[in-house]
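Observations on chain architecture
Here is what each chain is made of, one letter per residue.
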Amino acid sequence: MSIADNLKQYKNEVETDGVKLIAVSKTQPVESILEAYNAGQRVFGENHVQEMVDKQAQLPADIEWHLIGHLQTNKVKYIAPFVQLIHGVDSIKLLQEINKQAAKHNRVIDCLLQVYIADEDTKFGLGFDEVVELLRDETYPELKNIRIVGLMGIATNTKNEKQIAIEFHELKVFFDGIKVSFFRKDEAFKEISTGMSADYKIAIEEGSTMVRIGSSIFGKRVIKHFKSNISAN
Ligand SMILES: *Cc1c(COP(=O)(O)O)cnc(C)c1O
């Protein structure tokens, strides 16, 4: 099946459930992104800043770019002019920097807090207690150029579907608690970004509102990293 065929199938499937499809185009050439674009896709996810900046400059302006990978504070400035949603916010320091760079462009940048749910060692993501701590940070209310619109999580890379379901379920329960405690009157706080090619069906059953699907749409990722024209770092 072609990229266009895959795209249409996944888009149709998840949108029927009211879920937003983020086509994860990391390492894929602009031609492949254009094929998905021409098949109707407007939301793309990238995990490297330089790669996203390069592609954004070459592709249609009405694409919504989501940064789904880990973001270093010193790279926020490169994406601040255009990024639509940053999925992996995992510190108050990063949030402060996004706020600062967004202000320079007179923008409010939407962010998701990445919550650690997997049974794996990873440096990234906040524990449940750390999410609460961040939201109680005295500087958080002063950040007028960011908006936290939900939570993001990555389940354990396992074939055990029950375990994946439990992890997504725990995130949903936590989301509901945070919503009541911190965002009761905030309609924008409504997103749960969970689910990739292997587990998006489970994610949707467990309350996901946006799934991040890459290889099932574009095929296996090319090993060679996308070559950047700029030396942004
Ligand atoms: C690569 C990536 C995806 C997409 O993974 P696939 O298995 O190719 O669908 C989703 N989320 C994040 C954070 C990723 O880095």
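Residues numbered from 1 in each chain as written. Predicted model: local features only at pLDDT ≥ 70, side-chain atom pairs only at ≥ 80, totals over all residues. Heavy atoms only, no water.

**Section: the overall build of the chain**
Note the cut-off: Numbering of helices and strands runs from the N terminus, with a helix taken as a DSSP run of H or I at least four residues long and a strand as a DSSP run of E at least two residues long. Throughout, radius of gyration means the C-alpha value; the globule benchmark is 2.2 Å times the number of residues raised to the power 0.38. Each residue is placed in one exposure class: buried if its accessible area under a 1.4 Å probe, protein chains only, is under 20% of its type's maximum, exposed if it is over 50%, and partly exposed if it falls in between. Only heavy atoms matter for contacts: two residues are in contact if any of them lie within 4.5 Å across the pair. Exposure was quantified through the Shrake-Rupley algorithm and a 1.4 Å probe, taking into account, for residues, occlusion by the shown protein chains and nothing else. His is not counted here, nor are the chain ends, while Lys and Arg score as positive and Asp and Glu score as negative. To locate a charge, take NZ of a lysine, CZ of an arginine, CG of an aspartate or CD of a glutamate.
What the chain contains, in helices and strands, is nine helices and eight strands. Taken over C-alpha atoms, the radius of gyration comes to 17 Å for the chain, in line with the 17 Å a tight globule of 233 residues would show. When its C-alpha atoms are laid out on the principal axes, the chain stretches across 50 × 45 × 35 Å. Taken across its 233 residues, the chain has 52% of its residues classed as buried. Long-range pairs, those at least 24 residues apart, make up 60% of the contacts in the chain between residues at least 6 apart in sequence. Accessible area for the chain stands at about 11,600 Å²; split by element, carbon and sulfur atoms hold 48% of it. Taking the 29 positively charged and 33 negatively charged side chains of the chain as two groups, their mean positions are separated by 5 Å.

**Section: the packing of aromatic side chains**
What counts, and what does not: Ring pairs are drawn from Phe, Tyr and Trp, using the six-membered ring of Trp, whenever the two centres fall within 6.5 Å, and their geometry is named by plane angle: stacked under 30 degrees, edge-to-face over 60, tilted for the rest.
In the structure shown here, the tally under the stated rule is five aromatic pairs. Judged by centre distance (6.1 Å) and plane angle (40°), the rings of Phe44 and Trp65 are tilted. Remark: Trp65 occurs in strand β3 (residues 64-67) and Phe44 occurs in strand β2 (residues 43-46); sequence separation between them is 21 residues. For the pair formed by Phe44 and Trp65, the shared burial category is buried. Pairing Phe175 with Phe189 gives two aromatic rings, centres 4.9 Å apart and planes at 10°, and the pair type is stacked. Of this pair, Phe175 sits in helix α7 (residues 161-182) while Phe189 sits in the loop between α7 and β7 (191-193), and the two are 14 residues apart along the sequence. Among the residues examined, Phe175 registers a relative accessible area of 6% and is labelled buried. Grouped by ring-pair contacts, the aromatic residues Phe175, Phe183 and Phe189 constitute a single cluster.

**Overview of the UniProt feature "domain: Alanine racemase N-terminal" (unreviewed entry) in the chain**
Basically, it comes down to this: UniProt positions are given in the numbering used here, feature names are shortened, and annotations may be inferred rather than shown by experiment.
The positions that UniProt labels "domain: Alanine racemase N-terminal" (unreviewed entry) are, in the present scheme, residues 3-220. Within residues 3-220, the helical portion is 42% and the strand portion 18%, while the C-alpha atoms at the span's ends are 11 Å from each other.

**Topic: the site of the ligand**
Going by this rule: Proximity is defined per residue: if any heavy atom of the residue lies within 4 Å of a molecule or strand, that residue is considered near it. Within 3.5 Å is the distance limit for a polar contact, defined as a pair of N or O atoms, with the added protein rule that one can donate a hydrogen and the other accept it, and that residues adjacent in sequence qualify only through two side-chain atoms. Nonpolar residues are Ala, Val, Leu, Ile, Met, Phe, Trp, Tyr, Cys and Pro. Charged residues are Asp, Glu, Lys and Arg, and all others, Gly as well, are polar.
All residues in the neighbourhood of the ligand are listed as Val24, Lys26, Ile68, Ile154, Met196, Ser197, Arg212, Ile213, Gly214, Ser215 and Arg221. Within the contact set of the ligand, an oxygen atom lies 2.7 Å away from a side-chain nitrogen or oxygen of Lys26. Protein coverage of the free-state accessible area of the ligand, which is 390 Å², stands at 88%. Grouping the amino acids of the shell around the ligand by side-chain chemistry returns five nonpolar, three polar and three charged.

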